[in-house]
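# Breakdown of the fold
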Amino acid sequence: KSGDALGFSDDMEDFCAFHQCVYDDGFDDDYTSQYGFSQASQDYQCQCQYNLWDCKYGSGCYGLREKALDCCANGGNSCECLIKPECDNGNEGKCTDFAEYCCTDEDKECKCDYFTKSCNDDLVEGGTTLFDDFVYGACGRRDQYCMNCDDIYSTDSDPPIIAHCKRGCDLWDSLCADYAGHACDIAAGRCCGSFTSDDHNSQCYCDFYKYAEDRFE
């Protein structure tokens, strides 16, 4: 019997290799039945297997993907073949993915490097909101892994809680000079404690914003 449009009958081996990877990586039948194949395909450790299958029977091979699949077919893993090249090509989301899914929890230097790459791209682009692009994104995680600062967090309804952190203050003060905007908001928190933080210093906070305004006049 010839294969159907998805190629299942022609080459079950590739399809099964992907699903075996997903299963081995912690996804179970209940997950895939609840969220569907498209969700399982986002398992970052199994991107080689998924893309090798999808290249043959799905959306095809193109651009960086074609080069990446050569890497996958020659024994490379999903992180080095598919995620890192896109990060290096300027895809900030893939830099965050690499830090989250490819660096081990113990390898803080790796997480620092890749969260920094993603954060820097956010700063260059200017971001859209303090909450989404900076606080809960790569910049907050960069503070945690590079500066040993407490993570930036928030309750359901409050603004972000940014605790004082000397190393973070030095870093964000320089970023405030280069990028202004949200970078200065985070700098104020790292230098003085945000007004939602237990270590908030109101005089320091006012002085910092006066200093920032004078700097940009």
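These figures come from a predicted structure and were not determined experimentally.

Tracing the chain through its elements places Glu86 in helix 6 (residues 78-88). Spatially, the C-alpha atom of Glu86 lies 9.2 Å from that of Arg65, the residues being 21 residues apart in sequence.

Next up on the list: the pattern of salt bridges. Under the criterion given, the structure shown has seven salt bridges. Where Arg141 meets Glu100, a salt bridge forms, and the shortest distance between an N and an O atom there is 2.6 Å. One end of the pair, Arg141, is in helix 10 (residues 138-146); the other, Glu100, is in helix 7 (residues 92-102), with 41 residues separating them in the sequence. With a closest N to O distance of 2.7 Å, Arg190 and Asp143 form a salt bridge. With Arg190 in helix 12 (residues 182-192) and Asp143 in helix 10, this pair connects stretches of sequence that are 47 residues apart. For the residue pair Arg190 and Asp143, the accessibility class agrees, reading buried in each case. Shared partners join several salt bridges into a network, and the residues in it are Lys84, Asp88 and Lys117.

As a packed pair, helix 10 and helix 11 (residues 166-179) sit with axes 10 Å apart at the nearest point and diverge in direction by 140°. The angle between the axes of helix 10 and helix 11 places the two elements in the oblique class. Helix 11 is crossed by helix 10, and the crossing has right-handed handedness. Here helix 10 contributes Cys139, Arg142, Asp143 and Cys146 to the contact with helix 11, which in turn contributes Arg167, Leu171, Trp172 and Leu175. The residue inventory of the contact of helix 10 with helix 11, partitioned by class, reads five nonpolar, no polar and three charged.

Non-glycine residue Asn148 carries a positive phi angle of around 60°. With respect to the element layout, Asn148 can be found in the loop between helix 10 and helix 11.

Within this structure, the stated rule accounts for 11 disulfides. Paired by a disulfide, Cys169 and Cys191 hold their sulfur atoms 2.1 Å apart. What sets the handedness of the Cys169 and Cys191 disulfide is the S-S torsion sign, and at about 95° it is right-handed. Of this pair, Cys169 sits in helix 11 while Cys191 is found in helix 12, placing the two residues 22 residues apart along the sequence. Given a relative accessible area of 14%, Cys169 falls into the buried group. This cysteine, Cys206, is not joined by any disulfide, and Cys192 carries the nearest cysteine sulfur, 9.0 Å off.

Moving on, we get to the confidence of the model for the chain. Close inspection of predicted coordinates is inappropriate in any region flagged by low pLDDT. Scored by pLDDT, the chain has a mean of 77; 77% of the residues are at 70 or more. Taken as a whole, residues 28-41 scores under 50 in pLDDT and shows 16 contacts with residues more than four places along the chain or in a different chain.

Along helix 12, nine of the 11 residues are buried, which leaves the element largely enclosed by surrounding structure. For helix 12, the set of buried residues is Ala183, Cys184, Ile186, Ala187, Ala188, Gly189, Arg190, Cys191 and Cys192. At the exit of helix 12 stands Gly193, carrying a positive phi of roughly 80°.

As enumerated under the stated definition, the model contains five aromatic pairs in all. A ring pair is formed by Phe115 and Tyr145, whose centres lie 5.9 Å apart and whose planes are at 15°; its orientation type is stacked. Residue Phe115 is located in helix 8 (residues 108-125), and its partner Tyr145 is located in helix 10; the two are separated by 30 residues in the primary sequence. The two residues Phe115 and Tyr145 agree in class, both being buried. Of the aromatic side chains, those joined through ring pairs into one cluster are Tyr205, Phe208, Tyr209 and Tyr211.

Rules used throughout
Residues numbered from 1 in each chain as written. Predicted model: local features only at pLDDT ≥ 70, side-chain atom pairs only at ≥ 80, totals over all residues. Heavy atoms only, no water. Helix = DSSP H or I, 4+ residues; strand = E, 2+ residues; numbered from the N terminus. Salt bridge = Lys/Arg side-chain N within 4 Å of Asp/Glu carboxyl O. Buried < 20%, exposed > 50% of the residue type's maximum accessible area, 1.4 Å probe, protein only. Axes fitted to C-alpha atoms, helices over the stretch in contact; angles between N-to-C directions. Parallel < 35°, antiparallel > 145°, perpendicular 65-115°, else oblique. Left-handed = near helix turned anticlockwise from the far one by under 90°. Contact = heavy atoms within 4.5 Å. Nonpolar A, V, L, I, M, F, W, Y, C, P; charged D, E, K, R; others polar. Disulfide = S-S within 2.5 Å. pLDDT = per-residue confidence, 0-100. Phe/Tyr/Trp six-rings, centres within 6.5 Å; stacked < 30°, edge-to-face > 60°.

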